Amino acid sequence: MAGYKPVAIQTYPILGEKITQDTLYWNNYKTPVQIKEFGAVSKVDFSPQPPYNYAVTASSRIHIYGRYSQEPIKTFSRFKDTAYCATFRQDGRLLVAGSEDGGVQLFDISGRAPLRQFEGHTKAVHTVDFTADKYHVVSGADDYTVKLWDIPNSKEILTFKEHSDYVRCGCASKLNPDLFITGSYDHTVKMFDARTSESVLCVEHGQPVESVLLFPSGGLLVSAGGRYVKVWDMLKGGQLLVSLKNHHKTVTCLCLSSSGQRLLSGSLDRKVKVYSTTSYKVVHSFDYAASILSLALAHEDETIVVGMTNGILSVKHRKSEAKKESLPRRRRPAYRTFIKGKNYMKQRDDILINRPAKKHLELYDRDLKHFRISKALDRVLDPTCTIKTPEITVSIIKELNRRGVLANALAGRDEKEISHVLNFLIRNLSQPRFAPVLINAAEIIIDIYLPVIGQSPVVDKKFLVLQGLVEKEIDYQRELLETLGMMDMLFATMRRKEGTSVLEHTSDGFPENKKIES
């Protein structure tokens, strides 16, 4: 025992995202519920009033889902063609929808047949919304027009023809019943006033506009198109505040959290980004399986619903806070019981005896102490160890390699044992913290078992995966070394440009370095 030194388990820094309050908040959702729709989910909208149902527009149907239901509680399907959008009124009782045939229909949530039908557009309607007074509807279509409809009379009030391309998005002001905003593929976002016959404000987004969002206060406007999300100050005449480019593909939808402090954007790159509305930096990100077309948040951010191009509707519900049961408090010894004798001062005739703590070796250390190298490697290759504490497995492999017995420990294994080794290497070889040790172990395994390839199809398949990972990792490190060499050359060139030192002799005969500016 005295002559054996236990293996020092090296601690590795875990690379990952920094844990912040936003990370904890946005990760506090349950496993998503996936619902299959009939086609691509083009629009999702939550009712502003309890019980906060949401409308899903997909193909030629509009489904109304309960907040926690996986089956639609109501379906509106009386459309001549594909439905593109549906929006709840502020009281949650009415729903307005636009379809490909240019029609705008008004539904009562308690019924099935449309209450009103507005006909005037000649092409597909992609955006509809209620004005703040609840008695008018705004619509935008592919015929380049924006129309304002009167609900009681079922008549068209105004038509604006200022856009020169498809009108694909829009929203109405929550405060002023006369103001509404539209975005078009002509790269512009326009604000219209029902009291005038033309737009009162126009901003140039620079890309085809896919979505617009007006803050509840009406002071800020957000537009999305291409890879850009842009924020405009409406109180300063449409001045650009910030331009965000955090997506790799077209941004298709925007959403605001219930507090108004976080802005969410969905994109065709299958990601949802969460921005802070104070610094406009990305504070969190969600990954999805397919390109995202629509996005909506429920009241108090309790539910997040994402619609994708493959017809899948992803619904995440916030985890409920578990209430701690009040258990009878167990009486414990007083604090003075634990510190009794701690402050006792050694007297003159006292003899102090220290009881050394007994050190117990781990099982793999016991095997290494008795030179059972294969047994020690088997212990750390157990799935419970390789998944929870892979650094222990890597440390033992490193120790065996230092002793020069790693090849002996890896040799002579059957199909099951070699599968454990290969699974561990495949899982952890690409991690930078383990790569230097595991690449060497992978090369030893390939050299040992290469002559017996072909006897087991399971092992053969894993060997091919491992060989590909090793080659990929070696190429990756070679590219890094080349990049490092180029950077060293650039830094050396920059230092030479800053100044050149020459050797000159002074009057007393000693050499002296002098710097000549280039």
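Residues numbered from 1 in each chain as written. Predicted model: local features only at pLDDT ≥ 70, side-chain atom pairs only at ≥ 80, totals over all residues. Heavy atoms only, no water.

Chemist: What is the right way to read the layout of surface pockets from this model?
Modeler: Remark: the empty space left among the atoms is shown by a probe the size of a water molecule rolled over them. A volume near 190 Å³ is recorded for the second largest pocket. Forming the walls of the second largest pocket are 13 residues, and the residues nearest its centre are Lys80, Asp101, Gly103, Gln117 and Glu119. Of all the secondary-structure elements, those providing two or more residues to the lining of the second largest pocket are strand 8 (103-108) and strand 9 (114-119). (1 Å grid on protein atoms, 1.4 Å probe; cavity = no way out; pocket = protein on both sides within 12 Å on 5 of 7 lines; lining within 4 Å. Points joined across faces, edges and corners; volume = space filled by probe spheres on them. Helix = DSSP H or I, 4+ residues; strand = E, 2+ residues; numbered from the N terminus.)

Chemist: Looking at this structure, I do not really get the UniProt feature "repeat: WD" (unreviewed entry) in the chain. What am I missing?
Modeler: Look at the UniProt record and you will see "repeat: WD" (unreviewed entry) annotated at residues 118-159 and 244-285. The span residues 118-159 is 0% helix and 57% strand, and its two end C-alpha atoms sit 13 Å from each other. Secondary structure content for residues 244-285 is 0% helix and 55% strand, while the C-alpha to C-alpha distance between its ends is 15 Å. (UniProt positions renumbered as here; feature names shortened; annotations may be inferred.)

Chemist: Got a minute to help me understand the packing of aromatic side chains in this structure?
Modeler: Here the distance between the centres and the angle between the planes together describe a pair of aromatic rings. On inspection of all chains with the given rule, the structure shows 14 aromatic pairs. When the ring of phenylalanine 46 is compared with that of tyrosine 54, the centres are 5.1 Å apart and the planes differ by 50 degrees; the resulting orientation is tilted. Summarising the aromatic geometry, the rings of phenylalanine 76 and phenylalanine 107 are spaced 4.7 Å apart at their centres and angled 40 degrees between planes, so their arrangement reads as tilted. Within this pair, whereas phenylalanine 76 is found in strand 5 (residues 72-76), its partner phenylalanine 107 is found in strand 8, the two being separated by 31 residues in sequence. Each member of the pair, phenylalanine 76 as well as phenylalanine 107, carries the same accessibility label: buried. (Phe/Tyr/Trp six-rings, centres within 6.5 Å; stacked < 30°, edge-to-face > 60°. Buried < 20%, exposed > 50% of the residue type's maximum accessible area, 1.4 Å probe, protein only.)

Chemist: What is the right way to read the pattern of salt bridges from this model?
Modeler: Pairing is possible between side chains that carry opposite charge, provided their charged atoms lie close to one another. Throughout the structure, instances matching the rule amount to 13 salt bridges. For aspartate 91, the salt bridge identified is with arginine 89, shortest N-O distance 2.7 Å. Ionic pairing is found between arginine 372 and aspartate 367, a salt bridge with its closest N-O pair at 3.0 Å. The class of arginine 372 is partly exposed, set by a relative accessible area of 39%. (Salt bridge = Lys/Arg side-chain N within 4 Å of Asp/Glu carboxyl O.)

Chemist: Can you walk me through unusual backbone geometry in this structure?
Modeler: Trans peptide bonds make up most of the peptide bonds, and negative phi angles are found at most residues other than glycine. Of note, the bond from proline 50 into proline 51 is cis; its omega dihedral lies within 30 degrees of zero at 5 degrees. In this model, serine 154 sits at a positive phi of 55 degrees, which is unusual for a non-glycine residue. Along the polypeptide, serine 154 turns up in the loop between strand 12 (146-150) and strand 13 (155-160). Residue serine 154 is classed as partly exposed on the basis of its relative accessible area, which comes to 29%. Look at aspartate 301: it is not a glycine, yet its phi comes out positive at around 55 degrees. One can find aspartate 301 in the loop between strand 26 (292-297) and strand 27 (303-308).

Chemist: Help me understand the domain arrangement of the chain in this model?
Modeler: One frequent convention defines the size of an interface as the accessible area lost when the parts assemble. As assigned here, the chain comprises domain 1 (19-315) and domain 2 (362-471). Using C-alpha coordinates to define each centre, domain 1 is positioned 53 Å away from domain 2. (Domains from an automatic or database assignment.)

Chemist: Sorry if this is basic, but what is going on with the sheet that holds strand 3 (residues 54-58) here?
Modeler: Pairing between the strands of a sheet comes from backbone hydrogen bonds, and it takes one of two forms, parallel or antiparallel. Within the open sheet, the four strands sit side by side as 2-3-4-5. Their pairing is antiparallel. In the strand order of this sheet, the two ends are held by strand 2 (41-46) and strand 5, each with one partner. This sheet shows a mean twist of 20 degrees between the axes of neighbouring strands, independent of strand direction. (Pairing = 2+ DSSP bridges. Axes fitted to C-alpha atoms, helices over the stretch in contact; angles between N-to-C directions.)

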